[in-house]
Amino acid sequence: MKTIKKINPAAPKKTDIKKSAAEKSAPVKFCDSKTTVAELKSVMKNFVNEREWEKYHDPKNLSMSIAIEAAELMELFQWIKNEEAMAVTKDSPLYMEACDEISDIILYCLSLANVLKIDLASAISNKVVKNVKKYPKDICRGDYKKPHKTAPAVD
Ligand SMILES: [Mg+2]
């Protein structure tokens, strides 16, 4: 007796569900203590390349996307009190949503760094040096104001 194999035309073909190179090569989990910035930049670069999205990932679009994702992060905390925001725990939905939005922001930053060929670790270390000079710890400790704004205004 011959069995008839039912074929679902809507089912994905085996070739459609093959994992992409980035999905295969991506570690199961990244973690801050073991993942380098270069690895993260590479994952984002592969993600963009595999989708042929280079044409969309230009500095204008990416800088706008960073701002849009930052707004999405702010929206999560928009109407809640600080006490509620500070009480967020790892198992709360807000925590997971914040993780997603922070990741969106950073992924776009990584892509912008790829496009502009910015060495992020160098850029960050240079900026930290500038910030240390701009906000001397002896003047700024416990005071969030910029040093030049701490002096009384002269009219
Ligand atoms: Mg988002």
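The following paragraphs examine the structure supplied in this document. (Residues numbered from 1 in each chain as written. Predicted model: local features only at pLDDT ≥ 70, side-chain atom pairs only at ≥ 80, totals over all residues.)

## Re the overall build of the protein
Phase 1 of the analysis: Counting secondary structure elements, the protein contains eight helices and zero strands.
Phase 2 of the analysis: Looking at the protein as a whole, 6% of its 155 residues are labelled buried.
Phase 3 of the analysis: Sequence separation of at least 24 residues holds for 72% of the intrachain contacts in the protein that already meet a minimum separation of 6. (Helix = DSSP H or I, 4+ residues; strand = E, 2+ residues; numbered from the N terminus. Buried ≥ 20, exposed ≤ 12 C-beta atoms within 10 Å, placed from the backbone. Contact = placed C-beta atoms within 7 Å.)

## Focus on helix H5 (residues 93-116)
The periodicity of an α-helix, 3.6 residues per turn, causes residues three or four positions apart to be oriented the same way.
Phase 1 of the analysis: For H5, spanning 24 residues, the distance from its first C-alpha to its last is 35 Å, which sits close to the expected 34 Å at 1.5 Å a residue.
Phase 2 of the analysis: Regarding H5, the residues found buried are Tyr-108, Cys-109, Leu-110, Ser-111 and Leu-112.
Phase 3 of the analysis: Among the residues trailing H5, Lys-117 stands out with phi positive, at a value near 55 degrees. (Expected span 1.5 Å × (residues − 1).)

## Describing unusual backbone geometry
Phase 1 of the analysis: Although it is not a glycine, Glu-52 sits at a positive phi angle of roughly 55 degrees.
Phase 2 of the analysis: Examined against the element boundaries, Glu-52 turns out to sit in the loop between helix H2 (37-50) and helix H3 (59-77).
Phase 3 of the analysis: Taking the number of C-beta atoms within 10 Å as the measure of exposure, Glu-52 has 8 and is therefore exposed.

## A short note on the environment of Ala-121
Phase 1 of the analysis: Structurally, Ala-121 is set in helix H6 (residues 120-134).
Phase 2 of the analysis: Ala-121 sits in the exposed class, given 11 other C-beta atoms within 10 Å.
Phase 3 of the analysis: C-alpha of Ala-121 to C-alpha of Thr-36: the two residues are 85 residues apart in sequence and 9.8 Å apart in space.

## A short note on the nonpolar core
Phase 1 of the analysis: In this structure, Met-44, Val-48, Leu-62, Tyr-108, Cys-109, Leu-110 and Leu-112 together form the largest nonpolar core, which totals seven residues.
Phase 2 of the analysis: Counting only elements with at least two residues in this core, the list comes to H2 and H5. (Core = buried A, V, L, I, M, F, W, Y, C linked by C-beta atoms within 7 Å.)

## A look at the packing of H3 against H5
Phase 1 of the analysis: Where H3 meets H5, the axes come as close as 9 Å, and the angle between the chain directions of the two elements is 165 degrees. Viewed along their axes, H3 and H5 adopt a mutual orientation that is roughly antiparallel. Once H3 is placed against H5, the crossing between them reads as left-handed. (Axes fitted to C-alpha atoms, helices over the stretch in contact; angles between N-to-C directions. Parallel < 35°, antiparallel > 145°, perpendicular 65-115°, else oblique. Left-handed = near helix turned anticlockwise from the far one by under 90°.)

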